[in-house]
Amino acid sequence: MSGEILRVDNLWKSYSETPVLRGVSFEVLRGEVKVIMGPSGSGKSTLLRCINLLVRPDKGRISLEGKEVFPKPYDSIHRIRQKIGFVFQSYNLFLHMTVLDNVRVGLIKVKKLSKEEATKRAMEALRIVGIGPELWNKYPAQLSGGQQQRVAIARAIAMEPTIMLMDEPTSALDPELVGEVLNVIRDLAKQKMTMLIVTHELDFALEVADEIMVLDGGKIVERGKPSEILNNPKHPRTRRFIERLRRRVEHGHR
Amino acid sequence: MGIVSAFELLAKYHSIFLLGLRNTLILTATAFSIGFALGITIAVLREFGPKPIRHLLAAYVEIIRGTPMLLQLFIVYYALPAIGIVLPPIAAAILGMGLNSGAYQSEYYRAAIRAIPRGQYEAALSLGMTTRQLIEVLAIPMAVRIAFPSMVNELVYLLKYSSIAYFLTVIELTYAGKIVGAETFQYLEVYTIIAIIYFALSMAIVRFCKFVESRIRVPGLGAPEATRGLI
């Protein structure tokens, strides 16, 4: 099934006079993986947060599956957010809940599933991200960063969202833990999960992205096939940014 | 004077000591519970409620904190009858102490709600939770854990300050001591006994709360965890 899942039109956002997004437009089709790259402060996080309305845009238009989300939401904001999975850079698992509760709380409280049904679905989601039963009763602080992020992904996919937004899902991780999280996201891409991912992982982007968009100074300065963007960037700022990323990888730190 | 006469006093006047002890425990437990319910409600409404209610509750908290608890008890017991509300002494004391404690407790829970990391709220919202769901699932359970040491403090404080119910003629521990003292003139023994009872009770409360805290504690949340092995 094809079709447009997300459309963002001429989106603007300023924080007290400082423009962060200056007319961003793009679309994500069903089953597509789009990657957003760009230097820090380019507006990547703000863009993702605008899409699920954690941040209110100043102007522009956002629609989900053809229905307007901003400025005139077709439904209540919390019901719209149920359709948008969000994965944070710092995981943001609920600290006072076990792994299993983290994944099923949304199903029970928000989706109003029975506890049995929610537990079943939560276990399924946890299996997908490779979190075994021995970890289900642990608290977030007892897990590694990679495990926490995989639980966070499970929490999001258990809600069966139409699209997943990921805000630098591996940036807070120790280098040796990045792989396990990227593998999970790779699997989701193979399952044709629609995703919009902010990441600086070049090889990963080259492999999974249908398109890379480069954000700089609140604008998309370049977009295209991953191989084009990464191997033959047109825009001088893109070129410099990609070179910097490559150097960092060669020197072994992220 | 001496230990022997102290025990004799206890034996002879045990029924009045027990009455005092009973009333002190009732005052403390009920006032704390009212204060807990009121405190959570005020904190949640001041953080998540509509603006006029926030201002109204802020004023309430300031008025309670800005006037002596004894005066508040006097108002409940001696002044309210003027507008037709007549309460028995112990009910007036419980109500007054509960209203007072609620104001103080609300500040503990409010600070705790604010101490919950922003990312926790973002995660709850991004799952599609409404404000009401977020309060129930995240804000209250986490705030209570964060505020727990302050709650223990408040409970021990109430135990000792329940003695001012004395001024509303409630026969609680201190009043019971006064009665026995007035009859026997053995004030030293009587007040030593009373002091020991208060001290033992507050130690027991602290012990019990430590146990409760260990049961509700969550790894990575709260002070004992944060500084363990560091200092």
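Structural notes, computed from the coordinates. Since the structure is predicted, the reported quantities are computational estimates derived from the model, not experimental observations.

Thoughts on the overall build of chain A
Piece 1. Helix and strand counts for chain A stand at nine helices and 10 strands.
Piece 2. Computed over its C-alpha atoms, the radius of gyration of chain A comes to 18 Å, within 12% of the 18 Å expected for a compact globule of 254 residues.
Piece 3. The contacts of chain A with a sequence gap of at least 6 include a subset with a gap of at least 24, amounting to 65%.
Piece 4. Between the centroid of the 41 positive side chains of chain A and the centroid of its 31 negative side chains there is a distance of 4 Å.

Notes on the nonpolar core
Piece 1. With 149 residues, the main nonpolar core has L6, F26, I153, M164, M195 and L196 of chain A as its most contacted residues.
Piece 2. Take this core: its biggest share by element is 16 residues, from helix 7 (residues 131-161) of chain B.
Piece 3. Sequence-distant contacts of L196 of chain A, that is, excluding residues within four places in its chain, are made with L6, F26, V28, K34, I36, L48, I51, M164, L165, M166 and M213 of chain A.
Piece 4. One finds I42, V61, I64 and A103 of chain B within the second-largest nonpolar core, a separate group that totals five residues.

Comments concerning the pattern of salt bridges
Opposite charge on two side chains permits them to pair, given that their charged atoms come into close proximity.
All names here are of chain B.
Piece 1. One pass over the structure, following the stated rule, counts 30 salt bridges over all chains.
Piece 2. A salt bridge links E62 to R65, with the nearest nitrogen and oxygen atoms 3.0 Å apart. Highlighted residues: E62 and R65, both in helix 3 (residues 51-65), separated by three residues, approximately one helical turn.
Piece 3. Assessed through its relative accessible area of 43%, E62 is described here as partly exposed.
Piece 4. Several salt bridges converge on common partners, so that one network encompasses R46, E47, E62, R65, E107, R110 and R114.

As for the side chain of E32 of chain A
Residue and element names in this part refer to chain A.
Piece 1. For E32, the location among the structural elements is in the loop between strand 2 (18-29) and strand 3 (33-37).
Piece 2. Its relative accessible area of 17% is what places E32 among the buried residues.
Piece 3. Excluding residues that lie within four positions of it along the chain, E32 makes contacts with E27, M193, T194, M195 and D210.

Overview of the packing of helix 1 (residues 3-12) of chain B against helix 9 (residues 187-216) of chain B
Residues and elements named next belong to chain B.
Piece 1. Taken N-terminus to C-terminus, the directions of helix 1 and helix 9 make an angle of 70 degrees; their axes are 10 Å apart at the nearest point. Classified by the angle their axes make, helix 1 and helix 9 are roughly perpendicular. Contact with helix 1, carried on its side by S5, A6, L9 and L10, involves E189, V190 and I193 of helix 9 and no other residues of that element.
Piece 2. Taken together, the residues of the contact of helix 1 with helix 9 break down into five nonpolar, one polar and one charged.

Digging into the packing of aromatic side chains
Piece 1. This structure, assessed with the given rule, holds nine aromatic pairs over all chains.
Piece 2. Taken together, the ring pairs in this structure connect F74, Y77 and Y78 of chain B into an aromatic cluster.
Piece 3. The positively charged end of K59 of chain A is found above the aromatic ring belonging to W12 of chain A, 5.1 Å away from the centroid.
Piece 4. The ring of F94 of chain A carries the charged tip of R155 of chain A above its face, separated from the ring centre by 4.7 Å.

What about the sheet that holds strand 10 (residues 219-224) of chain A?
Sheet strands line up and pair through hydrogen bonds in the backbone, either parallel or antiparallel.
Residue and element names in this part refer to chain A.
Piece 1. Reading across from one edge, 6-7-8-3-9-10 is the order of the six strands in this open sheet, with mixed pairing throughout. Strands at the two margins of the open sheet, each flanked by one partner only, are strand 6 (84-87) and strand 10. This sheet shows a mean twist of 20 degrees between the axes of neighbouring strands, independent of strand direction.
Piece 2. Relative to strand 7 (residues 163-167), strand 6 runs parallel, the two being bridged by four bridges. Of the residues in strand 7, the one forming a bridge with G85 is M164.

Some words on a positive patch on the surface
Residues and elements named next belong to chain A.
Piece 1. On the surface, a cluster of positive charge is made up of R240, R244, R247 and R248.
Piece 2. Structurally, R248 is set in helix 9 (residues 236-250).
Piece 3. You can call R248 partly exposed: its relative accessible area is 35%.

Description of the environment of C50 of chain A
Residues and elements named next belong to chain A.
Piece 1. Tracing the chain through its elements places C50 in helix 1 (residues 44-51).
Piece 2. With relative accessibility at 0%, the residue C50 sits in the buried group.
Piece 3. Between the C-alpha atom of C50 and that of L21, which follows or precedes it by 29 residues, the distance is 9.9 Å.
Piece 4. Among all residues touching C50, those that are not within four sequence positions of it are L11, K13, L21, V55, P57 and I62.

Section: unusual backbone geometry
What you tend to see is this: most non-glycine residues have negative phi, and most peptide bonds are trans.
All names here are of chain A.
Piece 1. Following F70, the chain continues into P71 via a peptide bond in cis, with omega recorded as 5 degrees.
Piece 2. Relative to the helices and strands, P71 resides in the loop between strand 5 (67-70) and helix 2 (77-81).
Piece 3. Even without being glycine, S16 reaches a positive phi, approximately 35 degrees.
Piece 4. Its place among the elements puts S16 in the loop between strand 1 (4-15) and strand 2.

Considering empty space enclosed by the protein
Piece 1. As enumerated under the stated definition, the model contains one cavity of 30 Å³ or more in all.
Piece 2. In this structure, the largest cavity occupies an estimated 70 Å³ of space.
Piece 3. Forming the walls of the largest cavity are 13 residues, and the residues nearest its centre are G85, F86 and A156 of chain A together with S126 and L127 of chain B.
Piece 4. Taken together, the residues of the lining of the largest cavity break down into eight nonpolar, three polar and two charged.

Conventions adopted
Residues numbered from 1 in each chain as written. Chains lettered and ligands numbered in written order. Predicted model: local features only at pLDDT ≥ 70, side-chain atom pairs only at ≥ 80, totals over all residues. Heavy atoms only, no water. Helix = DSSP H or I, 4+ residues; strand = E, 2+ residues; numbered from the N terminus. Rg over C-alpha atoms; globule rule 2.2 N^0.38 Å. Contact = heavy atoms within 4.5 Å. Lys, Arg positive; Asp, Glu negative; His and termini not counted. Charge placed at Lys NZ, Arg CZ, Asp CG, Glu CD. Core = buried A, V, L, I, M, F, W, Y, C linked by side-chain atoms within 4.5 Å. Buried < 20%, exposed > 50% of the residue type's maximum accessible area, 1.4 Å probe, protein only. Salt bridge = Lys/Arg side-chain N within 4 Å of Asp/Glu carboxyl O. Axes fitted to C-alpha atoms, helices over the stretch in contact; angles between N-to-C directions. Parallel < 35°, antiparallel > 145°, perpendicular 65-115°, else oblique. Nonpolar A, V, L, I, M, F, W, Y, C, P; charged D, E, K, R; others polar. Phe/Tyr/Trp six-rings, centres within 6.5 Å; stacked < 30°, edge-to-face > 60°. Lys NZ or Arg CZ within 6 Å of the ring centre and 35° of its normal. Pairing = 2+ DSSP bridges. Patch = residues over 30% accessible without salt bridge, like charges linked within 9 Å, V, L, I, M, F, W, Y side chains within 5 Å. Areas by Shrake-Rupley, 256 points an atom, 1.4 Å probe, with all protein chains shown as cover. 1 Å grid on protein atoms, 1.4 Å probe; cavity = no way out; pocket = protein on both sides within 12 Å on 5 of 7 lines; lining within 4 Å. Points joined across faces, edges and corners; volume = space filled by probe spheres on them.

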